Amino acid sequence: MNFAILTGKVISEVKVINTENGTPLCRFTLEVDDRKFNCIVAGMKAYKFMYDVEEDAVITIEGTINDRMQLVVQKYVIESRPSYFGQIFDYKGRKMPHKKVMF
C-alpha cells in the first residue's frame, strides 16, 4: 500500500458527500508544487474536517493512495488558515459578505 505525507494548499471547496450505505465522505483538491491531488476523508472524520478546513488553507496530510488514485486522508494538521483581511473592509471594489444596500 502506498503511503504519502504532503503539505499543500486546499484549492477547492470542501464538500461532504453521503453514500448509499450512510458513510460520509469529504472531498477536496490539494495543490502541492503545482500538482493537484484529489483527496477524500472517510467516516465521521469528514464532518470535523469540513468545519476545520476551508478553501485556501495550508494543511499537511498523511494518507494512503487507493485504487482510484485518490489520497485517503488518515491524519491532518492545519498549518495556516486563509486571511480575509481584504474582505473585512470594502477596499478597491471588493464586496463584503452580506453587505446591506441602502436605497
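None of the values given here were measured: they were computed from a predicted structure.

Observations concerning the pairing of strand β1 (residues 3-10)
1) Next: Direction of pairing for β1 relative to strand β5 (residues 58-65): antiparallel, over a ladder of 7 bridges. Bridged to Ile5 within β5 is Glu62.
2) Next: Relative to strand β3 (residues 24-32), β1 runs antiparallel, the two sharing 2 bridges. By the bridge assignment for β3, Lys9 is matched with Glu31.

Some remarks on the confidence of the model for the protein chain
1) Next: For the protein chain, per-residue confidence averages 83 on the pLDDT scale, and residues scoring 70 or more make up 80% of the total.
2) Next: Per-element confidence in the protein chain is highest for β5, whose mean pLDDT is 94, and lowest for helix α2 (residues 85-88), whose mean pLDDT is 55.

Here we look at the environment of Val16
1) Next: Structurally, Val16 can be placed in strand β2 (residues 15-18).
2) Next: When the C-alpha positions of Val16 and Tyr47 are compared, they lie 7.3 Å apart, and in sequence the two are 31 residues distant.

Rules of the game
Residues numbered from 1 in each chain as written. Predicted model: local features only at pLDDT ≥ 70, side-chain atom pairs only at ≥ 80, totals over all residues. Heavy atoms only, no water. Pairing = 2+ DSSP bridges. Helix = DSSP H or I, 4+ residues; strand = E, 2+ residues; numbered from the N terminus. pLDDT = per-residue confidence, 0-100.

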